[in-house]
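An overview of the molecular structure
Listed below are the residues making up each chain.
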Amino acid sequence: MNYPDIYKGRFLERPNRFIAYVEYAGQKETVHVKNTGRCAELLTSNATVYIQKSRNPERKTLWDLIAVEKGERLINMDSQAPNKAALEWIEQGGLVKDPVYIKPEYTYGNSRFDFYVETKEKKIFVEVKGVTLEEADVVKFPDAPSERAVKHVEELIKAKKEGYEAYVLFVVQMKDVRYFTPNVKTHPEFAKALEEAKKAGVHVIARDCAVTEDSMVIKDDVPVVLGNPLLYEMRDPLIQWYRSAKRDLPWRKDKDPYHIWVSEIMLQQTRVEAVKEYYKRFLEVLPTVKDLAEASEDELLKLWEGLGYYNRVRNMQEAAKEIMEQFGGQFPAKYDKIASLKGIGSYTAGAISSFAFDIPKPAVDGNVLRVLTRILADDSDIAKQSTKKRMEEWLERVIPEDAASDFNQGLIELGAIVCVPNGEPKCESCPLESICKARKEGKTDILPVKKKAKERRIEEKTILLFEDVKEIAIRKRPKKGLLAGLYELPNVEGHLSLKEAKAYCKTIGLMPVRIKKLPEAKYIFSHIEWHMIGYKITVDELEKTNEEEFLFIHPEEIREKYSIPSAFSAYTKDILEK
């Protein structure tokens, strides 16, 4: 669209929303302001403005304010220009190809939308919003609360539900901006409505404009950032940092989804250095999904011995069987299919999807939650599922499609080696220090917030290390419950005295030759804490018949074949860990 009769002037003041005073050709002219928004950041004293001479000599104000220079940027601030430019753009096939019918100002329900557009297949409503508010190359809408804008968005949601295509088109009345985001500070209700519209399937798009003193033409896509824009701001510095600072880890050597899966399950609740040897040994014995699916339980648990949380590897085997049966042995390459596998939650599904297949899905674990809550100075309880879900939704909107893996791994890596827990982040080494709100507000020592977990239940146990000259006694735990199906040292509930331990031996058919008290020990599970005492009891090999189905096995054979949980390590390390 073009403007005839444009002249250059100098802004003086704006006494009210509708008029401004501009110096032109040495005269103070009264100029009609076609944009009734605040525009305080544009109409500053002595700003260069461009005004149009009215062709109606009867009008009280003979001039219209069209554009203003803000630094080196020229911004069109004619509130009628976005609709005119949008009409030209739609007619030229900018919105959809081959529109067959376009009607401006179309009434629907309780609203009047800016455009109704038809193609051979679709019926489309378009609501246009002009954007002139810019801060640090970021553009926002609205610059003042607008209940009308909220109402329009809500009506578009209804139209979408009734089968129409629906668009909110933000026409950015300038060029060379980084992204658009709703102005949460000015009107949070509009930002919320826009997010709900996006979820409902309404297209939320923004385009910039080539602006001159006498024209404005819609041009290029502008990224739309809903949720928190700081998460968009962190993308480039985070990715660049990760590519230069990432650790050399064995599971980063390739993009094999099976390898990534194994590493991610092992890394849950376990230190990276401890996982390396487990990862290597596991893949040497079970190099493929097929091998995992067909492994015996004892072999599987032995490979996992010491990692804890044994249900994880059991679930892995069930998932491996699903892959063999449902996907022909090929690891699925779609997020929903990956997430459907046994034992794979949103984090693991996001990690495999993005690391192996570059699918832009979030992978939010404890490290990531810590980084995000500090960046945003968010005091939500990270133990709540609602906090994780909200962070996942926000991240999914900003994950770059061409760098999903590096983005997600960058967040995880940052939380692991820089934004570490316990209030001691290495802020001076952080690529996001300049945008971190917790750093600016001095809150790194109190974030993240995590509600104190319920106190663990204390269980007292007496561990009985039965041995003869060559062998020690073990037994298999029940198939269900804590440490299900693993082997253990015999034990009983409560703390037995030396006398009571001797008496117990006799009740199960074992005659002690010697008995020695062992040191006390403690082992902590997620919800249970074992407080243990122990006895080393030597029995005669001729007296090893017993009622408890103990297996007397040579330590070397136990090391090779039988998985003993680390809960018993205080009593087995001198015998089994040689």
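Residues numbered from 1 in each chain as written. Predicted model: local features only at pLDDT ≥ 70, side-chain atom pairs only at ≥ 80, totals over all residues. Heavy atoms only, no water.

Right, let's talk about the overall build of the chain for a bit. When you go through the chain residue by residue, the secondary structure sums to 19 helices and 22 strands. At 34 Å, the chain has a C-alpha radius of gyration far larger than the 25 Å of a compact globule built from 578 residues. Summarising its shape, the C-alpha atoms of the chain cover approximately 120 × 55 × 45 Å along the three principal directions. The proportion of buried residues among the 578 residues of the chain is 50%. Excluding contacts between residues fewer than 6 apart, the proportion of contacts in the chain whose partners are at least 24 apart in sequence is 66%. Separation between the mean location of the 93 positive side-chain charges and that of the 94 negative ones in the chain comes to 3 Å. (Helix = DSSP H or I, 4+ residues; strand = E, 2+ residues; numbered from the N terminus. Rg over C-alpha atoms; globule rule 2.2 N^0.38 Å. Buried < 20%, exposed > 50% of the residue type's maximum accessible area, 1.4 Å probe, protein only. Contact = heavy atoms within 4.5 Å. Lys, Arg positive; Asp, Glu negative; His and termini not counted. Charge placed at Lys NZ, Arg CZ, Asp CG, Glu CD.)

Owing to its 3.6 residues per turn, the α-helix aligns residues three or four sequence positions apart on the same side. Along its twelve residues, helix 12 (residues 346-357) runs 16 Å from first to last C-alpha, staying within 8% of the 16 Å computed at 1.5 Å per residue. Of all twelve residues that make up helix 12, ten are buried, and the element is covered over most of its length. Where helix 12 is concerned, the buried positions are Y347, T348, A349, G350, A351, I352, S353, S354, F355 and A356. Contacts from the buried residues of helix 12 go to helix 6 (257-267), helix 11 (335-339), helix 14 (385-398) and helix 15 (404-417). Two residues or fewer after helix 12 comes D358, characterised by a positive phi angle close to 60 degrees. (Expected span 1.5 Å × (residues − 1).)

This part is about the packing of helix 5 (residues 235-245) against helix 15. Axis separation between helix 5 and helix 15 bottoms out at 9 Å; the angle between their running directions is 75 degrees. By the angle class used here, helix 5 and helix 15 are roughly perpendicular. Between helix 5, through R235, L238, I239, W241, Y242, R243 and A245, and helix 15, the contact on the second element is made entirely by D406, F407, Q409, G410, L411, E413, L414 and I417. Residues that form the contact of helix 5 with helix 15 fall into these classes: nine nonpolar, two polar and four charged. (Axes fitted to C-alpha atoms, helices over the stretch in contact; angles between N-to-C directions. Parallel < 35°, antiparallel > 145°, perpendicular 65-115°, else oblique. Nonpolar A, V, L, I, M, F, W, Y, C, P; charged D, E, K, R; others polar.)

Here we have six strands laid out as an open sheet, ordered 7-8-9-12-14-15, and mixed in their pairing. Here the strands that pair on one side only, and so sit at the sheet edges, are strand 7 (101-108) and strand 15 (215-221). Averaged over all neighbouring strand pairs, the angle between strand axes comes to 35 degrees, with direction disregarded. Of the strand pairs in this sheet, strand 14 (residues 203-212) and strand 15 are connected by five bridges, and their pairing is antiparallel. (Pairing = 2+ DSSP bridges.)

Let's shift gears to helix 5. Listed in full, the buried residues belonging to helix 5 are R235, L238, I239, W241 and Y242. The buried residues of helix 5 all sit within an arc of 165 degrees when viewed along its axis, so they share a single face. Relative to its buried face, helix 5 has exposed residues pointing more than 90 degrees away, namely Q240 and S244. Of the surrounding elements, those touching the buried residues of helix 5 are helix 4 (229-233), helix 14 and helix 15. (Arc of directions from axis to C-beta.)

With mixed pairing, the three strands of this open sheet are ordered in space as 10-11-13. Where the open sheet ends on each side, the last strands, each with one partner, are strand 10 (133-135) and strand 13 (179-182). Taken over all neighbouring pairs, the strand axes of this sheet differ in orientation by 35 degrees on average, direction set aside.

For the pair helix 13 (residues 366-376) and helix 14, interaxial distance at closest approach is 11 Å and the crossing angle is 75 degrees. Here helix 13 lies roughly perpendicular to helix 14, going by the angle between them. Along the contact surface, helix 13 presents V368, L369, L372, T373 and L376, while helix 14 presents K388, M391, W394 and L395. Here the residues of the contact of helix 13 with helix 14 are counted per class, giving seven nonpolar, one polar and one charged.

Glancing now at the environment of K536. With respect to the helices, strands and loops of the structure, K536 is situated in strand 21 (residues 528-539). Along the primary structure K536 and K517 are separated by 19 residues, whereas in three dimensions their C-alpha atoms are 6.3 Å apart. Contacts of K536, omitting those with residues within four sequence positions, involve L465, E467, R514, I515, K516 and L518.

Next up on the list: the nonpolar core. For soluble globular proteins, nonpolar side chains are generally found buried alongside one another. Counting 104 residues, the largest nonpolar core has W261, F282 and L395 as its most contacted members. Within the second largest apolar cluster, 45 residues are counted, among which are A20, L43, M77 and F170. (Core = buried A, V, L, I, M, F, W, Y, C linked by side-chain atoms within 4.5 Å.)

For the structure on display, the rule yields zero disulfides. C39 provides the cysteine sulfur closest to C209, a residue in no disulfide bond, and the two sulfurs are 15 Å apart. Exposure remark for C209: the relative accessible area of 0% places this residue in the buried category. Free cysteine C419: the closest other cysteine sulfur is in C430, separated by 6.3 Å. (Disulfide = S-S within 2.5 Å.)

In terms of strand pairing, strand 12 (residues 165-172) meets strand 14 through five bridges, oriented parallel. Following the sheet pairing, L169 is matched in strand 14 by I205. Hairpin connection from strand 14 to strand 15: two residues lie between these consecutive antiparallel strands.

Glancing now at the pattern of salt bridges. Once the charged atoms of two side chains with opposite charge are near each other, the side chains can pair. What the rule picks out here adds up to 42 salt bridges. For R59, the salt bridge goes to D64, with nearest N and O atoms at 2.8 Å. In this structure D64 comes out as buried when scored by relative accessible area, which is 6%. One salt bridge in this structure joins D208 and K175, with 2.8 Å as the shortest N-O distance. Placement of the pair is D208 in strand 14 and K175 in the loop between strand 12 and strand 13, with a sequence separation of 33 residues. We classify D208 as buried; its relative accessible area is 5%. Judged by its relative accessible area of 26%, K175 falls in the partly exposed class. Shared partners join several salt bridges into a network, and the residues in it are K70, R73, E134 and D137. (Salt bridge = Lys/Arg side-chain N within 4 Å of Asp/Glu carboxyl O.)

Most of strand 21 is tucked away: ten of the twelve residues are buried. Inspection of the sheet shows strand 16 (residues 457-467) paired to strand 21 by eleven bridges, in the parallel sense. Bridge assignment links E460 to a residue of strand 21, and that residue is H531. As judged from the ten bridges shared by strand 20 (residues 512-524) and strand 21, these two strands associate in the antiparallel manner. Its bridge partner being in strand 21, K517 is matched across the sheet by Y535.

Distances and angles like these do not, on their own, reveal function.
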